[in-house]
Amino acid sequence: MWENNNIQAVMAYSNLNIQSISAGGWSPLDTDRYQWLQVDLGSRKQVVSIVTQGRYSSSDWTSKYRLLYSDTQKNWRPYLQDGNIWTFEGNVNSEGVVRHELQHAILARYIRFIPLDWSREGRIGVRLELYGCSYWADVISFDGQGVISYRFRSKKMKIVKDVISLKFRTTARDGVLLHGEGQQGDYISLELRRARLQLSINLGSNQYGSIQGHTSVISGSLLDDDHWHSVVIERYRRNVNFTLDHHTQQFRTNGEFDHLDLDYEISFGGLPVSAKPSSGGRENFVGCMEGITYNGDNITNLVRRKKVDTSSFRNLTFSCTESNSSPVFFNSTSFLRLPGQSDSDTLSVSLSFRTWNPNGLLMFTALADGWVEVGLTEGKVTVYMNVTQRKNTRIDISSGSGLNDGQWHSVHLNALENYAMLTVDGDEASTVRTAIPIQIQTGGTYYFGGYFMHTNTRSSQRSFQGCMQMIHIDDHLVDLRAVEQGHIGTFENVSLDMCAIIDRCVPNHCEHTGRCSQTWDTFSCNCSGTGYTGATCHTSMYQQSCEEYKHQGKNSGSYWIDPDGSGSIAPFRVNCDMTEDNVWTTLKNNLSPQTSVTSADQEGKAVLQITYNVTDEQVLSVTGSAESCEQYVAYACRMSRLLNTPDGVPFTWWVGRANERHSYWGGSGPGIQKCSCGIEHNCTDPKHYCNCDADLKEDAGLLVYKDHLPVRQVVVGDTSRAGSEAKVTIGPLKCLGDRNYWNAASFTSPASYLHFPSFRGETSTDISFYFKTSSTHGVFLENLGTTDFLHIELRGSVILFSFDVGSERVELSVRSPVPLNNDQWHRVEAEKNIKEAVLQLNGQYREFRPSPPQGHTRLEFYSELYVGASSGQRGFLGCMRALKINGATFDLEERAKVTPGVNPGCQGHCSSYGMHCRNGGKCVEQYNGYSCDCSLTAYDGPYCTDDVGGYFETGTLVRYDFLPEVGPFALREVNSLSGVSVPSEANLTQEELVFSFSTSSTPSILVYISSRTQDYLAVVLRHNGTLQVRYSLGGLIEPYTIDVDHRNMANGQPHSVNITRNLREIRLQLDHYPVSTYTLPETSDTQFNLVKSIFLGKVFETGQIDPIIIERYNTPGFVGCLSRVQFNSVAPLKAALRSGLSTPVSTHGILVPSNCGASPLTISPMASASDPWHIEAAGAVFPFNEDKASDGGVDRNSAIIGGIISMVIFTVLCIMVFVIRHMFRHKGSYHTNEAKGAESADCADAAIIVNDPAFTETIDESKKEWFI
């Protein structure tokens, strides 16, 4: 039995700091889980905190406890916090004092202190004090008949602001708490429906019904628990705060009206007599209310003073009557055993229950021959009767459905004579009857909620978790007070006079419209169709932008994006156009190109509405983070003027974001009432700034001021003249890039940090960011609170995410299989919600941890958020970008601009020194410098400037093999075990081959690239030392050859070769000479199919090879030096000479590393007279012999003639430059060193627009012209 210690008997012994050994606190006679201490406060009080201490000079204390409270010593309610029955942390010794401030004040007369855990060295013991204040309120009892009618001072009330509050207590599921209405259709109503509270407001609907003002919001559940619940309704115009038991819902009413128009009165407790017939059919409230206020008037006080009409009450009382029901609370290990009649031929059991579990045992009783079991199975009440006299005859009946909805449901089982009846929820019409083959004989013992006796007839049902009340056995109500006092029956782990049912779906922790379902112990979320995932539907399934999709390797296409991640903006679909350098996000609209303008209104205006498949908020999320946006607009006209330039009122305008009207057109900008041709000074009629203002042609261009975009409406005003015609085109909104994705900061010191205001703690908190570093340790971010704490850190190859929940710390870690200090971008995603904590690295390595059973669901921080070093710890070194918390992007760049030790952006040293990485080397950031990545080049060294070459002896060859084809993309790269990317076979339409060589022997093969078909590319030296390029791509009888016949390249000097092909065009550059262009014949294919191998120096290949290659050039092979060999992204010679690289390359013969002597000469190695590439079209002969050139008069004459010719050429060139400049000036092109943008502009307006898309910042507001 529980020990009933009333505070009046023990108060003198249980106060804090009492130091008498005989009176040093409370300690029950028995130390077990059935003890409690009850405090009677004398009247209802508001309790705000509790303080505990162990028993004086003893080993007795209480380490964990719970609190119950009640007004009547019946129907106790457990103290709840964060949606859980709260367990308080108590004492760890006898003298320490522990104080807890209650998150929500307790309003009650009686408090019960329930010890859960206590001293292992002693017994239960406590000294306690409760802190609070007095409380008094007028209470009114409603019997379902009486209604309080509060009459207004005037017949009609037109109200813009309302504040209504009240508290109620009831055991009824339905009933109207307040109601008011007006003749114009306005109303406000608050009522219980299935134990949930529904607020309905209508501020007005128009007579045509096109504007519907009805708004309805539901809050709470299980409100028929006979406990006090507080309600506050605050309205200002259309904005409403609806608060129930400290949980506030904010919403806006539908429609466009702001005033609540009520007539005569507002009623409390039911509908007034004057209510419209359409309002009927709703039950009046049964229960108690207190503290009713309406816009500053205390209604309950007015009732007591008889200032309000209460004539409908039969017996008005100012007290709250006790309920006759006494609930019983069962957990999974509870049961209640009660006696009944034995040896009776009639079995009658009834009860009411409420639960969330679909299965559970309600009642079990053994018969003289068999047993009867009543339980829940998949939400239905089922009865199993097993009669052993008739060879284990089993009778099954069931009734009802969905009875695990948390509502009270009644069950009545009657078995007498030869039939049984089952009735659920008092519905006699649905009573289920069944025949019983023999007469039953009762056993006299009934088990409720569970059956733990180890007998052969033990039930297979799960234990019941929930509440029961109104238990009747043999048509007699069981006296649970007698059970509690031990007079009848027994029980185990049962809480009497209490129903601790919790609705874990109210408030709904499933975010983003996720659907909540629950059992007794937990809830789950169904996120299907929401676009979100996770235990609470918190995490978006989509990336934040097209930019992020591109860097995941996606191609152009249609994608769902979610710019604010877990924020309130729903995902939406966009088109992503991904080029090599840029990423465009496109939002389409409903307007077809060249839409004809018709149906003008009475004022002669035709309105075109442009709609997009996204909301204004979604558009703003794209434009707000974009680098720039643009939208193409065109106005094709015939006798339909546009802007009425130069000085008239515009006939046509467009409406953009924020419903602002704009009178500029594509190619122009705010404050400039011109079209594109007016900016460029090329309108058909120079008198106008738009072509259509002269009734001619078309005006088109781009709108680029993104704060005005997108175009939502176009109003066309000049289409009423005879023969007028206008066609409008509004292209899609296109936005470039995503600044949030690249919003970055560089931390250059272990002590550097950024600090931001502490973010608001929510029931779910998520943090995501990218980082790259060359350091192994560092704190990413940290936030501290009084008891809460959040911390993310890098430790070697491990990411740590730790946080405190109350007194319990949770730590998650994810280990990366590769080093994280490799100067590559890595992504961290951490989330904590009411169900779980998750840490994820790079989208694939993940750890999950269930949340503790109780804790702060809302993190509460007092310090700022520190990004980087904090509390003397070693901070993060490197770059961080795209930091996002709870859907909000933190502007690292702006904060870094004013913070020492942190630089904005992540370019860092590469932005200043990256040009030192030569020959295609990639600059790699390091927190204290930079390095050059030469892995994809044919060079080496710290700046990718060191030649990688080799000397080939006779017969030496290098072979590089591509991997077998695995997909359709050109030169796809597959990561090998060593991390080196190896291209696979591909079909190429363009390629680049670059190399240098020096040799004195001919003939030879320099480079040969083979394929799995007969396609090939070969560069050879012929017998006379001249260079030949051979292309065989199919479609030609003979390979296409390029012969460089003018020069002997086998002269021992180093030479560079660059061959580039794009489809049919081939560009060839030797050394410093100008590029020569060649074109493949039309009959030639343009695709280099299935590139297989690269050979250097010699060919050793199976399959069919061009016999000319083998017969003329392959023997004896190249002898000399090759260097800088690169084919697209492949450097085969470097791969062969770097043994540490695991690549498919092989070498035959002797290959000696060498830089091949020197770089290719930047001047011709021979005099111009003997250079066959020198053009002699001028007719002058320049002797090669320099000695002769300085002897005799002939030589002097030659010098004079040469000087004259040079002067003539110089004069001609000067004249040509002058003519060309004049021509371009005439065309309006500027070639000056003026400010950026001016060189392509034709006037000041155009220079501004070209130079800065946000050009309105440079235009004085006073000079803008707006026409309305």
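- An unreviewed UniProt entry lists the protein chain under the name Contactin associated protein 2b, with Lates calcarifer given as the organism.
- Taken verbatim from the UniProt record of the protein chain, the Sequence similarities (unreviewed entry) comment is "Belongs to the neurexin family."

Focus: the overall build of the protein chain
Argument step 1. Counting its regular elements, the protein chain contains twelve helices and 84 strands.
Argument step 2. Counting all 1268 residues of the protein chain, 51% fall into the buried class.
Argument step 3. Once local pairs closer than 6 in sequence are excluded, the contacts in the protein chain between residues at least 24 apart make up 68%.
Argument step 4. Here the protein chain displays about 58,600 Å² of accessible surface, and carbon together with sulfur accounts for 50% of that area.

Some thoughts on the sheet that holds strand 20 (residues 260–268)
Argument step 1. With respect to topology, six strands assemble into an open sheet ordered 11-20-13-14-15-16, the strand pairing being antiparallel. The sheet is open, and its two borders are formed by strand 11 (148–159) and strand 16 (214–219), each paired with just one other strand. Direction aside, neighbouring strands of the sheet carry axes that sit 15° apart on average.
Argument step 2. Here strand 13 (residues 175–181) pairs with strand 14 (residues 187–193) via six bridges, running antiparallel. Bridge pairing links Glu181 to Tyr187 in strand 14.

Some thoughts on the packing of aromatic side chains
Argument step 1. Per the counting criterion, the structure on display carries 34 aromatic pairs.
Argument step 2. Ring geometry for Phe152 and Tyr294: centres 6.1 Å apart, planes at 25°, overall stacked. Of this pair, Phe152 sits in strand 11 while Tyr294 is found in strand 21 (residues 286–294), placing the two residues 142 residues apart along the sequence.
Argument step 3. A residue is classified by how much of its surface remains accessible, and Tyr294, at 3% relative accessible area, is buried.

Side note on the sheet that holds strand 46 (residues 653–655)
Sheet strands pair via backbone hydrogen bonds, and the direction of the pair is either parallel or antiparallel.
Argument step 1. Strand order in the open sheet formed by four strands is 44-49-46-47, with antiparallel pairing between adjacent strands. Of all strands in the sheet, those bounded by a partner on one side alone are strand 44 (606–609) and strand 47 (661–662).

Considerations on the pairing of strand 41 (residues 572–578)
Argument step 1. Residue alternation in strand 41 divides its side chains into a buried set, Phe572, Val574, Cys576 and Met578, and an unburied set, Arg573, Asn575 and Asp577.
Argument step 2. As paired strands, strand 40 (residues 557–561) and strand 41 are joined by five bridges and run antiparallel to one another. Within strand 41, the position partnered with Gly557 by the bridge is Cys576.
Argument step 3. With four bridges joining them, strand 41 and strand 42 (residues 583–587) adopt antiparallel strand pairing. Within the sheet, the bridge partner assigned to Asp577 lies in strand 42 and is Trp584.

Quick word on the state of the cysteines
Argument step 1. Per the stated rule, a full pass over the model turns up 14 disulfides.
Argument step 2. Covalent S-S linkage joins Cys288 and Cys320, the inter-sulfur distance amounting to 1.8 Å. Here Cys288 and Cys320 share a disulfide; its torsion about the S-S bond, 100°, makes the bridge right-handed. Of the two residues, Cys288 sits in strand 21 while Cys320 sits in the loop between helix 2 (299–304) and strand 23 (328–339), which places them 32 residues apart along the sequence.
Argument step 3. You can call Cys288 buried: its relative accessible area is 3%.
Argument step 4. Using a relative accessible area of 23% as the deciding quantity, one classes Cys320 as partly exposed.
Argument step 5. Between the sulfur of Cys510 and that of Cys525 lies a disulfide, 1.9 Å long from S to S. Where Cys510 bonds to Cys525 through sulfur, the torsion about that S-S bond is close to -85°, and the disulfide is left-handed. Linking Cys510 in the loop between strand 35 (490–496) and strand 36 (515–518) with Cys525 in strand 37 (residues 523–526), this pair joins segments that are 15 residues apart in sequence. Here Cys510 and Cys525 have matching classes, each one buried.

So, the side chain of Asp186
Argument step 1. If you trace the backbone, Asp186 turns up in the loop between strand 13 and strand 14.
Argument step 2. Buried and unpaired, Asp186 has no salt bridge, with Lys158 as the nearest side chain of opposite charge at 6.8 Å.
Argument step 3. Within polar-contact distance, the side chain of Asp186 engages the backbone nitrogen of Asp261 at 2.9 Å.
Argument step 4. Residues within four places of Asp186 in sequence aside, it is in contact with Gly180, Glu181, Asn202, Leu203, Gly204, His259, Leu260 and Asp261.

Looking at the pattern of salt bridges
Argument step 1. Using the criterion set out here, one finds 43 salt bridges in the structure.
Argument step 2. A salt bridge links Glu101 to Arg99, with the shortest nitrogen-to-oxygen separation between them at 2.6 Å.
Argument step 3. Judged by relative accessible area, which is 51%, Glu101 ranks as exposed.
Argument step 4. The salt bridge partner of Arg959 is Asp961, with a shortest N-O separation of 2.8 Å.
Argument step 5. Judged by relative accessible area, Arg959 falls into the buried class, the value being 18%.
Argument step 6. Residue Asp961 is classed as partly exposed on the basis of its relative accessible area of 23%.

Structural notes on the side chain of His100
Argument step 1. Structurally, His100 is set in strand 8 (residues 98–118).
Argument step 2. A distance of 2.7 Å separates a polar side-chain atom of His100 from the backbone oxygen of Glu89.

Some details on a nonpolar patch on the surface
Argument step 1. Residues Ile1209, Val1212, Leu1213 and Met1216 make up a contiguous nonpolar surface patch of roughly 360 Å² in combined accessible area.
Argument step 2. Using a relative accessible area of 41% as the deciding quantity, one classes Val1212 as partly exposed.

Notes on the confidence of the model for the protein chain
Argument step 1. Looking at the protein chain, the pLDDT average stands at 83 and 83% of residues meet or exceed 70.
Argument step 2. When mean pLDDT is taken per element in the protein chain, strand 17 (residues 229–236) scores highest with 96 and strand 71 (residues 973–975) scores lowest with 39.
Argument step 3. Here residues 454–458 is modelled with pLDDT under 50, and outside its nearest four sequence neighbours on either side it reaches six contacts, counting other chains as well.
Argument step 4. Of the regions scoring below 50 in pLDDT, residues 1158–1197 engages in 40 contacts with residues more than four places distant in sequence or in other chains.

Considering unusual backbone geometry
Most peptide bonds take the trans configuration, and most residues that are not glycine carry a negative phi.
Argument step 1. Put simply, Thr645 and Pro646 share a cis peptide bond, and its omega is 10°.
Argument step 2. On the secondary structure map, Pro646 appears in the loop between strand 45 (628–638) and strand 46.
Argument step 3. For the bond running from Thr1115 to Pro1116, omega is 0°, close enough to zero to count as cis.
Argument step 4. With respect to the helices and strands, the residue Pro1116 is situated in the loop between helix 9 (1107–1113) and strand 82 (1120–1127).
Argument step 5. In this structure, Leu222 is a non-glycine residue whose phi angle is positive, near 55°.
Argument step 6. Within the element layout of this structure, Leu222 appears in the loop between strand 16 and strand 17.
Argument step 7. If you check the backbone angles, Arg1124 has positive phi at about 55° while not being a glycine.

Focus on the environment of Ile1109
Argument step 1. Considering the arrangement of structural elements, one finds Ile1109 in helix 9.
Argument step 2. In sequence terms Ile1109 and Val1099 are ten residues apart; their C-alpha atoms lie 8.7 Å from each other.
Argument step 3. Apart from residues no more than four positions distant in its own chain, Ile1109 is found in contact with Ile1005, Tyr1008, Tyr1016, Ala1018, Val1020, Arg1030, Val1099 and Asn1114.

Remarks on the pairing of strand 81 (residues 1091–1096)
Argument step 1. Across the six residues that make up strand 81, a large majority, six, are buried.
Argument step 2. In this sheet, strand 81 lies alongside strand 70 (residues 957–961) in antiparallel orientation, the contact comprising four bridges. When the bridges of strand 81 are listed, Val958 appears paired with Leu1096.
Argument step 3. Pairing geometry for strand 74 (residues 1004–1011) and strand 81, over five bridges, is antiparallel. Following the sheet pairing, Ser1010 is matched in strand 81 by Ser1093.

Calculation notes
- Residues numbered from 1 in each chain as written.
- Predicted model: local features only at pLDDT ≥ 70, side-chain atom pairs only at ≥ 80, totals over all residues.
- Heavy atoms only, no water.
- UniProt positions renumbered as here; feature names shortened; annotations may be inferred.
- Helix = DSSP H or I, 4+ residues; strand = E, 2+ residues; numbered from the N terminus.
- Buried < 20%, exposed > 50% of the residue type's maximum accessible area, 1.4 Å probe, protein only.
- Contact = heavy atoms within 4.5 Å.
- Areas by Shrake-Rupley, 256 points an atom, 1.4 Å probe, with all protein chains shown as cover.
- Pairing = 2+ DSSP bridges.
- Axes fitted to C-alpha atoms, helices over the stretch in contact; angles between N-to-C directions.
- Phe/Tyr/Trp six-rings, centres within 6.5 Å; stacked < 30°, edge-to-face > 60°.
- Disulfide = S-S within 2.5 Å.
- Lys, Arg positive; Asp, Glu negative; His and termini not counted.
- Salt bridge = Lys/Arg side-chain N within 4 Å of Asp/Glu carboxyl O.
- Polar contact = N/O pair within 3.5 Å; in protein donor to acceptor, adjacent residues only side chain to side chain.
- Patch = residues over 30% accessible without salt bridge, like charges linked within 9 Å, V, L, I, M, F, W, Y side chains within 5 Å.
- pLDDT = per-residue confidence, 0-100.

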